[in-house]
Amino acid sequence: MTLLGDAAHVMSPFAGEGANLAMLDGAELALALAARPGDTEAALAAYEEALFPRSEESAAESAANLDTMFGEKGLEQMVAFFTSGPAAQ
Ligand SMILES: Cc1cc2nc3c(=O)[nH]c(=O)nc-3n(C[C@H](O)[C@H](O)[C@H](O)COP(=O)(O)OP(=O)(O)OC[C@H]3O[C@@H](n4cnc5c(N)ncnc54)[C@H](O)[C@@H]3O)c2cc1C
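Note that the structure is predicted; figures quoted are calculated from it, not measured. (Residues numbered from 1 in each chain as written. Predicted model: local features only at pLDDT ≥ 70, side-chain atom pairs only at ≥ 80, totals over all residues. Heavy atoms only, no water.)

## Focus on the site of the ligand
Point 1. What surrounds the ligand is the set Gly5, Asp6, Pro13, Gly16, Glu17, Gly18, Ala19, Asn20 and Ala22.
Point 2. If the ligand stood free it would expose 1000 Å²; the protein chains cover 27% of that surface.
Point 3. Looking at the shell around the ligand element by element, the count peaks at four residues for helix α2 (residues 18-35).
Point 4. Looking at the shell around the ligand, its residues break down into three nonpolar, four polar and two charged. (Near = heavy atom within 4 Å. Areas by Shrake-Rupley, 256 points an atom, 1.4 Å probe, with all protein chains shown as cover. Helix = DSSP H or I, 4+ residues; strand = E, 2+ residues; numbered from the N terminus. Nonpolar A, V, L, I, M, F, W, Y, C, P; charged D, E, K, R; others polar.)

Next comes the structure, spelled out in structure tokens:
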């Protein structure tokens, strides 16, 4: 069994990347299979090796954004977010 999308790397929606990653997983899986005709196991191994490192960055961003919004200091952090930077000037 091989997994892709949320089944492989579910995360909160606060990085806005879950659907993007799911589509990329599908494309990468298709490319891996097409590059290794007759060797499905090697294709799945190559796909799975890259799968988790690829999603790790978004998962970390998603977790950090979740904390920014709903953590103990969520309100203060969101106020700081909206009152600093180019959007607030
Ligand atoms: C509020 C919210 C906002 C989001 N915003 C973004 C965003 O801005 N950008 C972004 O990229 N991503 C966003 N996401 C994440 C994105 O929606 C998911 O990462 C993406 O839909 C995952 O796709 P998937 O195909 O892996 O899983 P899913 O879309 O969950 O598809 C799985 C499918 O399998 C079906 N299923 C489940 N069990 C069975 C079964 N036993 N038999 C048959 N079918 C079954 C389900 O009904 C479903 O249709 C958001 C998610 C949420 C909740």
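Once the structure has been displayed, the description carries forward.
## Description of the confidence of the model for the protein
Point 1. For the protein, per-residue confidence averages 93 on the pLDDT scale, and residues scoring 70 or more make up 96% of the total.
Point 2. Taken element by element, the protein is modelled with least confidence in helix α4 (residues 74-82), mean pLDDT 90, and with most confidence in α2, mean pLDDT 97. (pLDDT = per-residue confidence, 0-100.)

## Quick word on the packing of α2 against helix α3 (residues 40-70)
Point 1. Where α2 contacts α3, the two axes come as close as 9 Å, and the packing angle between them is 155°. As far as their axial angle goes, α3 and α2 are roughly antiparallel. In terms of crossing hand, the pair formed by α2 and α3 is right-handed. On the side of α2, the interface is formed by Leu21, Leu24, Asp25, Glu28, Leu29, Ala32 and Leu33, while α3 contributes Thr40, Ala43, Leu44, Tyr47, Leu51, Arg54, Ser55 and Ser58.
Point 2. Considered class by class, the residues forming the contact of α2 with α3 number nine nonpolar, three polar and three charged. (Axes fitted to C-alpha atoms, helices over the stretch in contact; angles between N-to-C directions. Parallel < 35°, antiparallel > 145°, perpendicular 65-115°, else oblique. Left-handed = near helix turned anticlockwise from the far one by under 90°. Contact = heavy atoms within 4.5 Å.)

## Description of the pattern of salt bridges
Close approach of charged atoms allows side chains of opposite charge to pair.
Point 1. Counted under the stated rule, the structure contains one salt bridge.
Point 2. For aspartate 25, the salt bridge goes to arginine 54, with nearest N and O atoms at 2.9 Å. Linking aspartate 25 in helix α2 with arginine 54 in helix α3, this pair joins segments that are 29 residues apart in sequence.
Point 3. A relative accessible area of 0% means that aspartate 25 is categorised as buried. (Salt bridge = Lys/Arg side-chain N within 4 Å of Asp/Glu carboxyl O. Buried < 20%, exposed > 50% of the residue type's maximum accessible area, 1.4 Å probe, protein only.)

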